[in-house]
Amino acid sequence: LQVFGFHLATVDLRQSSDQHEAVIAELLQVAKLEPDYRALAEPARCALLLRLLDDARPLRVVVGSQAQPYSALAQSELAIFETAALMRRRYGPEALRHCIISHTETVSDLLEALLLLKETGLMRGTLDSGAVTDLIVSPLFETIADLRQAEPIMRGYYALPGIARMVRASGAEQDVMLGYSDSNKDGGAFTSNWELYRAEIALVELFAELRTSHGIALRLFHGRGGTVGRGGGPSYQAILAQPPGTVNGQIRLTEQGEVIGSKYANPEIGRRNLETLVAATLEATLLQPTQSAPPAFLDAAAQISAASMAAYRKLVYETPGFDTWFHAATPIREITELNIGSRPPARGQAAGALPAIADLRAIPWGFSWGQCRIGLPGWFGFGAAIDHYLGAADAPARTRRLALLRRMHRQWPFFTTLLSNVDMVLAKSDLGIAARYAGLVEDKKLGRRVFAAIRAEWQRTDAALALITGEPGRLATNPSLARSIEHRFPYLDPLNHLHVELMRRHRARRTDDPGNERVRRGIHISINGLAAGLRNTG
């Protein structure tokens with residue numbers, strides 16, 4: 001606050017759509033307008049919400065001296081919106097500009113947020129009569145399925161009566177946030193990047209129409225994390241790899257976790273990173289090609305994505321015992337004990353139970369794979385996909401397909417950057433060390449079977465990179481990073497071995513062993529040391 005005040009660094013609201021839904025359901029029930037909002041089908045929800053957005057009356061029931069009729073959740077959520085209104089009055093309209101809806105899956109998710117804004121004075125007027133909203137209602141599309149629905153949801157939202165007029169009257173800006181972490185955990189590295197690319201293209205085409213008809217501009221908000229599996233990697237190349245027409249002089253992205261310290265703790269380094277972002281934004285706007293990638297490139301990427309996602313999900317979600325293997329062979333249990341992170345490591349986790357892979361949050365998921373030197377979210381599925389793409393053709397067609405892949409690598413920034421990031425993750429992995437972590441799995445047959453599948457895919461991915469790029473070794477085009485890794489990793493390797501041994505001892509001890517705390521502290525120190533040396537951890 002001493003540096004920025006509330007005029008340069010703006011604050012966002014962000015909440016999950018299911019929480020908004022719960023509050024709306026309670027407001028409607030108490031007001032005796034709809035006894036079971038959650039049971040309504042999507043068209044009925046939208047019709048009801050639109051009717052309420054056209055009604056000048058508030059939903060909340062005033063009970064005088066009687067007990068508060070609303071739950072703690074409803075009171076808390078409404079208080080947050082009321083505090084946002086107070087912030088804007090006290091510090092100015094730039095203090096808070098966005099209301100981000102996590103897990104946006106339907107048009108009604110957007111309307112629910114709008115209704116909460118109306119209820120707390122952040123939206124004035126009604127949709128059918130000059131409505132104005134103080135906050136930009138920004139959907140966040142996270143999973144593969146959600147990314148595929150991004151354009152249809154936004155098209156359906158703007159087709160509703162009064163929405164486009166309200167947005168135009170409120171500044172004519174629409175932010176759409178794209179989630180890198182959950183889409184990767186859902187479908188693997190290649191498919192996540194490809195579906196993000198497709199969603200961006202579709203949204204740009206939609207908002208080209210809305211700019212013409214209503215003057216509304218799109219700003220994409222990239223929810224990137226530190227690891228490649230969460231959208232990390234060099235920012236300059238990432239911006240240049242954006243589809244044509246998606247930058248347009250502005251881009252919004254997140255800087256998270258240890259990335260903030262490494263990029264901005266030193267003033268000179270911080271200035272250099274900001275210059276890099278500005279330069280890439282200018283270049284992507286003014287110098288990058290405005291034509292979309294050739295249809296042959298897009299068709300090849302779609303085929304590779306389908307095969308990559310199938311290989312990834314076969315291992316992670318369809319292999320019997322994979323959950324058990326993951327919880328034993330990675331430090332996920334120990335990571336969850338660290339006092340870091342703003343949210344619990346898993347959604348809906350029962351006390352004392354190990355979370356299912358589907359419930360685990362993307363940050364501890366990616367962090368665990370980095371610690372055991374596998375880095376699986378950054379590459380798994382690519383090698384199998386390339387094998388499938390090339391193997392599904394006869395010899396002449398295989399030669400043509402390989403030539404196409406090499407041309408994609410030379411000419412398509414999206415594909416070039418993706419392969420560069422896979423290259424970096426493979427260079428930081430070490431299957432020899434990873435095998436020691438796999439040895440922590442008590443079921444030795446399961447341990448060998450899963451690790452053999454990971455090793456085979458690593459080798460396929462390594463061979464696919466060499467085949468497409470023509471570079472047999474890793475980081476051949478990034479000698480500075482190769483040199484940095486060469487100097488850093490001799491210090492990290494012993495730390496990994498120490499880490500494994502401490503985890504083995506900790507898991508073998510009784511819970512009441514007085515020496516547990518010392519071993520646990522050693523594990524946590526080794527986790528921090530590995531994170532500092534590996535970087536791109538989460």
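Scroll up for the structure.
Draft legend 1. Just the layout of surface pockets, in detail. Put simply, the second largest pocket is a space of about 1400 Å³. Contributing to the lining of the second largest pocket are 48 residues, with Gly233, Pro234, Met424, Asn478 and Leu481 lying nearest its centre. Secondary-structure elements contributing two or more residues to the lining of the second largest pocket are helix 10 (235–240), helix 11 (258–264), helix 12 (267–286), helix 19 (413–428), helix 21 (444–469), helix 22 (479–508) and helix 23 (516–534). Considering each element in turn, the lining of the second largest pocket owes the most residues, nine residues, to helix 19. Class assignment for the residues of the lining of the second largest pocket results in 15 nonpolar, 22 polar and eleven charged.

Draft legend 2. View of the sheet that holds strand 7 (residues 217–223). Here six strands make up an open sheet; going across it, the order is 1-2-5-6-7-8 and the pairing parallel. If you trace the sheet from one side to the other, it starts and ends with strand 1 (11–16) and strand 8 (252–253), each paired once. Strand direction decides the pairing type here: strand 1 and strand 2 (residues 96–102), joined by six bridges, are parallel. From the neighbouring strand, Leu13 faces strand 2, where its bridge partner is Cys99. Strands strand 1 and strand 2 of the sheet are contacted by helix 1 (residues 17–30), whose axis makes an angle of about 75 degrees with strand 1.

Draft legend 3. Highlighting the packing of helix 19 against helix 21. Close contact between helix 19 and helix 21 brings their axes to 11 Å; oriented N to C, the two are set at 135 degrees. One way to sum up the angle between helix 19 and helix 21 is to call them oblique. Considering how the two elements wind past one another, helix 19 and helix 21 form a crossing that is left-handed. Touching Phe415, Leu419, Val422, Asp423 and Leu426 of helix 19 are Trp458, Thr461, Asp462, Leu465, Ile468 and Thr469, all from helix 21.

Draft legend 4. Spotlight on the pattern of salt bridges. Scanning the model with the defined rule gives 28 salt bridges in all. Between Glu21 and Arg45 there is a salt bridge; the shortest N-O distance is 2.7 Å. Taken together, the residues span a long stretch of sequence, with Glu21 in helix 1 and Arg45 in helix 2 (residues 42–53) at a distance of 24 residues. Here Glu21 matches Arg45 in class, with each residue buried. One salt bridge connects Arg60 with Glu119, and the closest N-O pair in it is separated by 3.5 Å. With Arg60 in the loop between helix 2 and helix 3 (72–91) and Glu119 in helix 4 (residues 107–119), the pair connects residues that are 59 residues apart, well separated along the chain. The class of Arg60 is partly exposed, set by a relative accessible area of 28%.

Draft legend 5. Broad picture of unusual backbone geometry. The phi dihedral of Ala172 is positive, around 60 degrees, even though this residue is not glycine. Mapped onto the elements, Ala172 comes out in the loop between helix 7 (163–169) and strand 6 (173–179). The residue Asn248 is not glycine, and still its phi comes out positive at about 50 degrees. For Asn248, the location among the structural elements is in the loop between helix 10 and strand 8. On the basis of relative accessibility, which here comes to 56%, the residue Asn248 falls in the exposed class.

Draft legend 6. Focus on helix 14 (residues 322–329). Where burial is concerned, most of helix 14 is hidden: six out of the eight residues are buried. The set of residues buried in helix 14 consists of Phe322, Trp325, Phe326, His327, Ala328 and Ala329. Contact partners of the buried residues in helix 14: helix 13 (295–316), helix 15 (332–336), helix 16 (362–371), helix 20 (431–438), helix 21 and helix 22.

Cut-offs used in this document
- Residues numbered from 1 in each chain as written.
- Predicted model: local features only at pLDDT ≥ 70, side-chain atom pairs only at ≥ 80, totals over all residues.
- Heavy atoms only, no water.
- 1 Å grid on protein atoms, 1.4 Å probe; cavity = no way out; pocket = protein on both sides within 12 Å on 5 of 7 lines; lining within 4 Å.
- Points joined across faces, edges and corners; volume = space filled by probe spheres on them.
- Helix = DSSP H or I, 4+ residues; strand = E, 2+ residues; numbered from the N terminus.
- Nonpolar A, V, L, I, M, F, W, Y, C, P; charged D, E, K, R; others polar.
- Pairing = 2+ DSSP bridges.
- Contact = heavy atoms within 4.5 Å.
- Axes fitted to C-alpha atoms, helices over the stretch in contact; angles between N-to-C directions.
- Parallel < 35°, antiparallel > 145°, perpendicular 65-115°, else oblique.
- Left-handed = near helix turned anticlockwise from the far one by under 90°.
- Salt bridge = Lys/Arg side-chain N within 4 Å of Asp/Glu carboxyl O.
- Buried < 20%, exposed > 50% of the residue type's maximum accessible area, 1.4 Å probe, protein only.

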